[in-house]
Amino acid sequence: ALPRDLEGRRVVVSAGGTREPLDPVRYLGNRSSGKQGYALARTAVQRGATVTLVSAATVALPEVAGAELVRAGTAEELRSAMHEAAKGADILVMAAAVADFRPTERAEYKIKKTDHDPRPIALTRNPDILAELVEARAEGQVIVGFAAETGDDSGDVLEHARAKLKRKGCDLLVVNAVGEGKAFETEDNAGWLLSADGSERAVELGSKSYMASDIWDAVVAFIEA
Ligand code: C5P
């Protein structure tokens, strides 16, 4: 049986990938499946938490029984949903893959190939939601960020990740080594958990629900430290 060590805690998890519309039928998106975020929400429910799952686009996934589901399509929608859900929450987990940029213009009607010659898509930077949540953080609120890092060796990946943890100001950073059989579009995940108190641990390649348990263990350890 799982420990009920999140009993009485209010948890918000974002999951999936945002879609940034170009017109009513097209968008800029990413390969996030949402599986890691959904596994985190499911495990949190099982460990006794009250859970809000803020879900951007995912592959077809079973609903998380016992969690409140809030849907968010774009980064802007995910931003409002997270700020709203963050009120009174004890733990925020930003597992969603948020687009860094959105098309500057969103056409009201489907863009036709006869409308104009090929041209670049103008982009506007999206806000960093994680950084905003850290900025607005309530006393004692624990904030977990994610980093998908590509790199040739783990030393490289960890260097980047340590810098990101500092820059983002969150309490824990889940670092996924992106590559063959890991992270995006897969069942399995591996990586590292970095804590603002300086502790670091590796998570061996395993299922996303296994990784979810490790993440919650690290969150509970952080709270109790
Ligand atoms: O800087 P980078 O995109 O690698 O950071 C990833 C972390 O920041 C993830 O937790 C992601 O959910 C969050 N993020 C965000 N808003 C963005 C981009 C990333 O909250 N616009």
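Residue indices begin from 1 for each chain and proceed along its sequence in written order. Whole-chain, interface and lining totals are the exception, using all residues; otherwise, since this is a predicted model, local features are given only for residues with pLDDT of at least 70 and side-chain atom pairs are given and counted only at 80 or more. Hydrogens and waters are ignored; side-chain quantities use all the structure's heavy atoms.

Draft legend 1. The confidence of the model for the protein chain, seen in detail. Residue-level confidence of the predictor, termed pLDDT, takes values from 0 up to 100. Residue-level pLDDT values for the protein chain average 93, and 96% of them are 70 or greater. Reported confidences for the modelled complex are a pTM of 0.95 and an ipTM of 0.98.

Draft legend 2. Structural context of the site of the ligand. Throughout, the term near means that a residue has one or more heavy atoms lying within 4 Å of the molecule or strand in question. Near the ligand, the surroundings consist of 13 residues, among which Met-94, Ala-96, Pro-127, Leu-130 and Lys-164 are the closest. Here a polar contact is recorded for every N or O atom pair within 3.5 Å, except that within protein the pair must consist of a potential hydrogen donor and a potential acceptor, and residues adjacent in sequence are included only if both atoms are side-chain atoms. With respect to the ligand, the backbone of Ala-96 contributes an N or O atom lying 2.7 Å from an oxygen atom. In the model, a nitrogen atom of the ligand is placed 3.0 Å from a nitrogen or oxygen of the Ile-129 main chain. Values of accessible area rely on a 1.4 Å probe in the Shrake-Rupley scheme; residue burial ignores everything except the protein chains shown. Considering the ligand on its own, with 450 Å² of exposed area, one finds that the protein chains cover 86% of that surface. Numbering of helices and strands runs from the N terminus; a helix is a DSSP stretch of H or I covering at least four residues, while a strand is a stretch of E covering at least two. Broken down by secondary-structure element, the contributors of at least two residues to the shell around the ligand are helix H3 (129-135), strand E9 (142-149) and helix H4 (154-168). Residue polarity follows a fixed list, in which Ala, Val, Leu, Ile, Met, Phe, Trp, Tyr, Cys and Pro are nonpolar, Asp, Glu, Lys and Arg are charged, and the others, Gly among them, are polar. Broken down by class, the residue content of the shell around the ligand amounts to 8 nonpolar, 1 polar and 4 charged.

Draft legend 3. Fine view of the environment of Leu-172. Relative to the assigned elements, Leu-172 resides in strand E10 (residues 172-177). Each residue gets one of three labels from its accessible area relative to the maximum for its type: buried under 20%, exposed over 50%, partly exposed in between, using a 1.4 Å probe on protein chains only. Since its relative accessible area comes to 5%, Leu-172 is described here as buried. When the C-alpha atoms of Leu-172 and Ser-195 are compared, they prove to be 4.5 Å apart, with 23 residues separating the residues in sequence.

Draft legend 4. Region of interest: the pairing of E10. Within E10, 6 of the 6 residues are buried, which leaves the element mostly enclosed by the surrounding structure. The alternating pattern of E10 places Leu-172, Val-174 and Asn-176 on one face and Leu-173, Val-175 and Ala-177 on the opposite face, and all of these are buried. One ladder, built from 6 bridges, connects E9 with E10; its direction is parallel. Its bridge partner lying in E10, Glu-149 is registered against Ala-177. In this analysis, strands are considered paired if DSSP registers two or more bridges between them.

Draft legend 5. Structural detail: the UniProt feature "binding site: CTP" (unreviewed entry) in the protein chain. Mapped onto this numbering, the UniProt entry gives "binding site: CTP" (unreviewed entry) at Asp-100, Lys-110, Pro-127, Asp-128, Ile-129, Leu-130, Phe-146, Lys-164 and Lys-168. Their sequence span is 69 residues, while the largest C-alpha to C-alpha distance among them is 38.5 Å; these annotated residues do not converge on one region. Positionally, Ile-129 belongs in helix H3. The contact rule is simple, with two residues in contact once any of their heavy atoms fall within 4.5 Å. Beyond its immediate stretch of four places on either side in the chain, Ile-129 contacts Ala-75, Leu-78, Arg-79, Met-82, Met-94 and Val-98. Along the chain, Lys-164 turns up in helix H4. Since its relative accessible area comes to 18%, Lys-164 is described here as buried. Residues in contact with Lys-164, not counting those within four places in the same chain, are Ala-147, Glu-149 and Leu-173. UniProt positions are given in the numbering used here, feature names are shortened, and annotations may be inferred rather than shown by experiment.

Draft legend 6. View of the sheet that holds strand E12 (residues 200-207). In spatial order, the strands read E5-E4-E1-E6-E9-E10-E11-E12; together these 8 strands make up an open sheet with mixed pairing. Sheet topology places strand E5 (68-71) and E12 at the edges, where each strand pairs with a single neighbour. The mean angle between the axes of side-by-side strands here comes to 20°, regardless of whether they run parallel or antiparallel. Between the N-to-C directions of two axes lies an angle of 0 to 180 degrees, each axis being a line fitted to C-alpha atoms and, for a helix, fitted only over the stretch in contact.

Draft legend 7. Broad picture of the packing of helix H1 (residues 35-46) against helix H5 (residues 208-224). Between H1 and H5, whose axes approach to 8 Å, the crossing angle comes to 60°. One way to sum up the angle between H1 and H5 is to call them oblique. Relative to H5, H1 is oriented so that their crossing is right-handed. Across from Lys-35, Gln-36, Ala-39, Leu-40, Thr-43 and Ala-44 in H1, the residues of H5 making contact are Lys-208, Ser-209, Met-211, Ala-212, Ser-213, Ile-215 and Trp-216. Note on angle classes: values under 35 degrees are labelled roughly parallel, values over 145 roughly antiparallel, values of 65 to 115 roughly perpendicular, and the remainder oblique. Two helices that cross are described as forming a left-handed crossing if the nearer one is turned anticlockwise from the farther one by less than a right angle, and a right-handed crossing if clockwise.

Draft legend 8. Spatial organisation of the pattern of salt bridges. Only one rule defines a salt bridge in this text: a Lys or Arg side-chain nitrogen within 4 Å of an Asp or Glu carboxyl oxygen. Inspection of every chain in the model, using the stated rule, returns 14 salt bridges. With its nearest N and O atoms 2.8 Å apart, the salt bridge here joins Asp-5 to Arg-47. Residue Asp-5 is located in the segment before strand E1 (10-15), and its partner Arg-47 is located in the loop between H1 and strand E4 (50-55); the two are separated by 42 residues in the primary sequence. A relative accessible area of 1% places Arg-47 in the buried class. Note that Asp-214 and Arg-201 form a salt bridge whose closest N and O atoms lie 3.0 Å from each other. Highlighted residues: Asp-214 in helix H5 and Arg-201 in strand E12, separated in sequence by 13 residues.

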